[in-house]
Amino acid sequence: MTTASLAQAQTQAPSTITTGVMVILTAKAGVTRDQVMAVMPDEIRQTVQLYLNGQVREWYSRSDGRGVIFLLDAKDTTEAHAIMEGLPLSKLDLMNHEYIAVGPLLPLRLLVARP
């Protein structure tokens, strides 16, 4: 790749393709473990149903024990928010949600940029 093509690839507008949304959930201040655990059977059942419907791609527990992370199959954060609002922990307003749209790794475009 020439210096000129590298510069051109770097100055092109970055892609805004969203292929999923990462949602980070943490308990709100003052919410007890008992409050969360009382809802977990319903939360788990509904999360599994979202997975079976193809809306949840992956989900993880945080290693620090402070919450969970979902990777949703959603076109934007608005759609992801609508998915999460239907879950029991959200309905009871027990969790904070951070929504992060994700997509293809932009620097990989440098590998396929044409001179």
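Structure report, in brief. Every value quoted in this text rests on a predicted model; they were computed, and no experiment measured them. Going along each chain's sequence as written, the residues are numbered from 1 onward. Predicted model: local features are reported for residues with pLDDT of at least 70 only, side-chain atom pairs are reported and counted for 80 or more only, and whole-chain, interface and lining totals are derived from all residues. As a rule here, side-chain values come from all non-hydrogen atoms in the structure, and water together with hydrogens is ignored.

## Regarding the sheet that holds strand 2 (residues 56-61)
The line we're drawing: Any two strands between which DSSP finds at least two bridges are classified as paired. Note on conventions: DSSP H or I runs of at least 4 residues are helices, E runs of at least 2 residues are strands, and numbering of each starts at the N terminus. Lines fitted to C-alpha atoms define the axes here, with helix axes fitted over just the stretch in contact, and angles between the N-to-C directions of these axes take values from 0 to 180 degrees.
Within the open sheet, the four strands sit side by side as 2-3-1-4. Their pairing is antiparallel. Two strands in the sheet have a free side with no partner beyond their single neighbour: strand 2 and strand 4 (95-102). Pairs of neighbouring strands in the sheet enclose a mean axial angle of 15°, with direction left out of account. In this structure, strand 1 (residues 20-27) lies alongside strand 3 (residues 67-72), joined through six bridges in antiparallel fashion.

## Overview of the side chain of Thr26
For clarity, the cut-off: Think of it in three bands: with a 1.4 Å probe and only protein chains considered, a residue is buried below 20% of the maximum accessible area for its type, exposed above 50%, and partly exposed in between. The contact criterion used throughout is that any non-hydrogen atoms of two residues lie within 4.5 Å.
Of note, Thr26 is situated in strand 1. Its relative accessible area of 16% is what places Thr26 among the buried residues. With near-sequence residues (within four places) excluded, Thr26 lies in contact with Arg62, Arg66, Leu94, Met95 and Asn96.

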